[in-house]
Amino acid sequence: MLLHYRLLSGLLLCSILTLTACKPPSSPSDSINKASTSPEIVFAISQAPLNLDPRYASDATSERLNRLLYQSLVDFDHHTKPQPNLATWQQLSPLSYRFTLSEQCRLFYYPASAEHKAKARKLTAYDVKATYDSITALSDSPHSAEFSNLKNIVVVNERTVLFYLKAPDRHFPAKLVLGILPAELVKVKHDFAHFPVGSGPLVLLEAKNKWGLQRLDDGQRISLIEVKDPTVRMLKLVHAEVDLIQGDLPPESVRYLQAKPGLTVKTAVGVNFSYLGLNTQDPQLKKLKVRQALAHAIDRQEIINKVMLQHSRLGGAILPPEHYAQRQTLPAYAYDPALAKRLLQQAGVSLPLKLVYKTSTDAQRLRLATIMQAQMRAAGIDLEIRSLDWATFFAEIKQGNFQLYGLTWVGVKTPEIYAQAFGSDNIPPKGFNRGRYQDAELDKLLSTDDWQAVTQRIHQQLPYIPLWYEGQFAAMQKGIENYSPKADGNWDDLATISAYAH
Amino acid sequence: MIKILAYGILLFWLLAVVLGRLFQLDPNQIDLNAILSTPSQVYWLGNDDLGRSILARLLHGVEVSLLVALSVTAVTMTVGVLIGMLAGFYGGRVDQFLMQVTDVFLAFPGILLAIAFAAVLGPGLLNLMIALSLTGWVSYARLTRGQTLSLRDRQHVLAALSLGASVPRLLGKHILPLLTSVLVVEATYSLASVMIAEASLSFLGLGIQAPNASWGAMLRDGVRYMLVAPHYVLIVGLSLMSLILAINLGGDSLRDRLDVRQEAD
């Protein structure tokens, strides 16, 4: 009997060794089944991802998560300059680019289903073509318009792909930041929105009550749970129900968390630019002196110091000073209510100047609007605040139905934004010139790509009032390591985050 | 004892409104150096998230709450009583039609309907009052109809009718005075429910707009800073609770006083 057991054990051991030797060591299937020794990390988020298909995703949560589930051809460096990610590129002519996939082995991981075992295969140029061909063919994708200039894509070999354009576009590589999908699943119209299949560092295992992720390298499990209310999110962190939260808290709450001994709070500079939009077709606001008066009527530094996160800083232009196209710090308009009043009088405005300011119902936006209202009163400006639900507010802004509004540019990477936001022919729905700003001199500068001159002209003419770049923060339990907030609020550090058990 | 407490609280808030007016407290004075400060000698109840005096905003807020509650109660009572009396007096098809309309409004939860109206009409004080008035008349209509049905066959009403009194005279002179005690009690409960509805809508951002003070909006802001400055939400919450409780207790006391059966016992 004992002999039988020994024989059986020996056979079993041999089978295991043989099977293990068959599999490549880097296969994600190995990692995904590997039980991580570190505890699961729970990340409380304010908004659930709406669509995990990179061709359709447009909300911030989905885009942040998709960066971890998929990989793109191009990414951005710390100066927001496009840099190779999956592929290097070469401009062959004004109308063609060649992209060469890196030799580093990239694998698509296909999660196991009831019928099939988990499998993996290498990402190829055919996948790149299938992904971008499908985006251009889609009529309901928010990203399709960006690729309307794409003529066709030709696969040279498994690692090389050519992109042909209809018209020259110097910023074309910067647009190739969407996650690459496996060609055979694109063909069968796989539901990537709910069952993503990508080649990123994380894989989605569960998306019912929470978004269960696993890191392919070491099997670390990470769960995202949606907690909409900021106070509840904060309480969950304080009571150690969650390990990590990021953003969407008032600065007072962040300071409260900083004082908690069991928590670590990290802050970072931000790049999301907040501004006061102006309707330049308005009889009063079309006068430069009135716009200058508004700029001098807001004490931005006081607002930053008192009601904003640490690391928030004054804003001068849409792109931050460290951006490769910016590289200059524009002088801030000093708070001077007396000067603002004089400018209004010089513009022939009878005081008080009555203006309507539209904003969303977000509590922090309303708070900032109320402070600006009080500050402007000293300059002879009577600001009426109208807070509207997001959909109504945004629709009114796009229709030009406003005098003043407050918004933030999020995730802007390329200097093309200046043409889209201020070019005379880019009034919505074509572009983002919501203030209906018309400036022939600026149009001329925009065509030259002299971004420093462009931003100086905008700063001088004030088609909007620049406010600030809000700082970023992440709060976590003491046992969490290798995670820091990023300037644009992305969650890229989930690829490296670690936790040790207390 | 409870009666005295209720009247005391009501008197306190009415006095507070008057004194707030007298001392000209500015509810919108921002002080960024006093954000979420705890009560002090300068600011007796502390400061809110913009450094504004919580006391000044509470007093301004109760003024707005009472204005909304009294206006809405007046409008809903007038409309509801008129509809109820007509339905009860005429009966038949008129009664059937008016009560079917009433039933349609009754079928929806009042606050939900008010939220829907407020969302359609847009935020603001006037729209808030319209939204609350559109849903508040129903209870008066049902109550008045029931009472009128029992009163229309009374001897003095029939006598007036046989002497050729017109319908408005019959309703106004011979039926309405007999409804007064019931309606007054109903109005006190209605005042409390309108105040809660106003606070709820403002809490949701559909009521009074910034920077104007409202208890609902203050409660919403207070909840946001519950961990950082618990005094803020506690002060507003307790104020709202005390006023509503006082109005309800006042209503109970009034009902007991006007109840003929209890007096007979």
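Cut-off values and rules
Residues numbered from 1 in each chain as written. Chains lettered and ligands numbered in written order. Predicted model: local features only at pLDDT ≥ 70, side-chain atom pairs only at ≥ 80, totals over all residues. Heavy atoms only, no water. Helix = DSSP H or I, 4+ residues; strand = E, 2+ residues; numbered from the N terminus. Buried < 20%, exposed > 50% of the residue type's maximum accessible area, 1.4 Å probe, protein only. Core = buried A, V, L, I, M, F, W, Y, C linked by side-chain atoms within 4.5 Å. Contact = heavy atoms within 4.5 Å. Buried area = accessible area lost by both parts, 1.4 Å probe. Salt bridge = Lys/Arg side-chain N within 4 Å of Asp/Glu carboxyl O. Polar contact = N/O pair within 3.5 Å; in protein donor to acceptor, adjacent residues only side chain to side chain. Axes fitted to C-alpha atoms, helices over the stretch in contact; angles between N-to-C directions. Parallel < 35°, antiparallel > 145°, perpendicular 65-115°, else oblique. Left-handed = near helix turned anticlockwise from the far one by under 90°. Nonpolar A, V, L, I, M, F, W, Y, C, P; charged D, E, K, R; others polar. Pairing = 2+ DSSP bridges. Domains from an automatic or database assignment. Patch = residues over 30% accessible without salt bridge, like charges linked within 9 Å, V, L, I, M, F, W, Y side chains within 5 Å. Areas by Shrake-Rupley, 256 points an atom, 1.4 Å probe, with all protein chains shown as cover.

### Things to note about unusual backbone geometry
Residue and element names in this part refer to chain A.
- With an omega dihedral of -5°, the bond running from Leu351 to Pro352 counts as a cis peptide bond.
- Relative to the elements of secondary structure, Pro352 occurs in the loop between helix H11 (337-346) and strand E17 (353-360).
- If you check the backbone angles, Lys189 has positive phi at about 55° while not being a glycine.
- The topology assignment puts Lys189 in the loop between helix H6 (183-187) and strand E10 (202-207).
- Of note, the phi angle at Asn482 is positive, near 60°, even though the residue is not glycine.
- Looking at Asn482, the relative accessible area reads 46%, which means it is partly exposed.

### Things to note about the nonpolar core
- Counting residues in hydrophobic clusters, the biggest one holds 82 residues, and the most contacted among them are Leu294 and Ile303 of chain A together with Leu132 of chain B.
- Among the elements that make up this core, the one with the highest residue count is helix H2 (residues 54-90) of chain B (9 residues).
- For Leu132 of chain B, the contacting residues outside a window of four places in its chain are Val68, Val72, Thr76, Ala114, Val194, Ala197, Glu198 and Leu201 of chain B.
- With 55 residues, the next largest nonpolar core counts Phe43, Leu65, Tyr70 and Val161 of chain A among its residues.

### A short note on the interface of chain B and chain A
- At the junction of the two partners, chain B supplies 18 residues and chain A supplies 20 residues.
- For the pair chain B and chain A, the summed buried surface comes to about 1800 Å²; carbon and sulfur atoms form 67% of the total.
- Considering only the surface of chain B that becomes buried against chain A, Leu32, Arg224 and Leu227 of chain B emerge as the three largest contributors, covering 36% of it.
- In this structure, the connection of chain B to chain A is made through 1 salt bridge.

### Some thoughts on the side chain of Gln246 of chain A
Residue and element names in this part refer to chain A.
- Looking at the element boundaries, Gln246 is found in strand E13 (residues 244-246).
- Taking the relative accessible area as the measure of exposure, Gln246 reaches 11% and is therefore buried.
- At 2.5 Å, the side chain of Gln246 and the side chain of Tyr483 are in polar contact.
- A polar contact of 3.1 Å, which involves the side chain of Gln246, links it to the backbone oxygen of Gly489.

### Examining the packing of helix H3 (residues 92-107) of chain B against helix H5 (residues 125-151) of chain B
All names here are of chain B.
- Taken N-terminus to C-terminus, the directions of H3 and H5 make an angle of 135°; their axes are 9 Å apart at the nearest point. Overall, the two elements H3 and H5 adopt an arrangement that is oblique. Of the two possible hands of crossing, H3 and H5 adopt the one that is left-handed. Note on element contacts: H5 touches H3 through Leu134, Trp137, Val138, Ala141, Arg142 and Arg145, opposite Asp95, Met99, Val101, Thr102, Asp103, Phe105 and Leu106.
- Class assignment of the residues belonging to the contact of H3 with H5 gives a composition of 8 nonpolar, 1 polar and 4 charged.

### Let's talk about the sheet that holds strand E5 (residues 96-101) of chain A
All names here are of chain A.
- Strand order in the open sheet made by the 4 strands is E4-E5-E9-E8, with antiparallel pairing throughout. The open sheet terminates on both sides in strands that have one partner only, identified here as strand E4 (87-93) and strand E8 (150-157). Ignoring strand direction, the axes of neighbouring strands in this sheet form an average angle of 20°.
- Inspection of the sheet shows E4 paired to E5 by 6 bridges, in the antiparallel sense. Each bridged residue has a counterpart across the sheet, and for Thr88 the counterpart in E5 is Thr100.
- Here helix H4 (residues 125-137) sits on the sheet in contact with E5, E8 and strand E9 (160-165), set at roughly 165° to E8.

### A look at the domain arrangement of chain A
All names here are of chain A.
- Entries for chain A in the domain assignment read domain 1 (28-187), domain 2 (227-269 + 471-499) and domain 3 (273-469).
- Domain 1 and domain 2 are separated by 28 Å when their C-alpha centres are compared.
- Contact with domain 1, which involves 15 residues of that partner, is made by 22 residues of domain 2.
- Taking both sides of the interface into account, the surface hidden between domain 1 and domain 2 amounts to around 1600 Å²; carbon and sulfur atoms contribute 63%.
- The three residues of domain 1 that bury the most area against domain 2 are Ile41, Phe43 and Arg64, which together make up 38% of that side's buried surface.
- In this assembly, domain 1 and domain 2 are joined by 1 salt bridge.

### What about the pattern of salt bridges?
Residue and element names in this part refer to chain A.
- By the definition in use, this model includes 33 salt bridges over all chains.
- Note that Lys129 is salt-bridged to Asp133, the shortest N-O span being 2.8 Å. One end of the pair, Lys129, and the other, Asp133, are both in helix H4, 4 residues apart, so they sit about a helical turn from each other.
- The class of Lys129 is partly exposed, set by a relative accessible area of 26%.
- The class of Asp133 is partly exposed, set by a relative accessible area of 28%.
- The salt bridge involving Glu226 is made with Lys228; its shortest N-O contact spans 3.1 Å.
- The network of salt bridges with common partners includes Arg67, Asp75 and Asp492.

### Concerning a nonpolar patch on the surface
- Residues Leu11, Leu15, Val18, Leu19, Leu22, Phe23 and Leu25 of chain B make up a contiguous nonpolar surface patch of roughly 710 Å² in combined accessible area.
- Examined against the element boundaries, Phe23 of chain B turns out to sit in helix H1 (residues 2-23).

### Things to note about the sheet that holds E17 of chain A
Residue and element names in this part refer to chain A.
- Reading across from one edge, E16-E20-E15-E19-E17-E18 is the order of the 6 strands in this open sheet, with mixed pairing throughout. In this open sheet, the two edge strands, each paired with only one partner strand, are strand E16 (313-314) and strand E18 (381-388).
- Summarising the sheet, E16 and strand E20 (residues 464-469) pair through 2 bridges and their orientation is antiparallel. In the strand pairing of E20, Arg313 is matched with Tyr469.
- The sheet contacts of helix H10 (residues 300-307) involve E16 and E20, and relative to E20 the element is tilted by about 30°.
- This element, helix H13 (residues 390-399), spans E17, E18 and strand E19 (404-409) of the sheet and lies at about 105° to E19.

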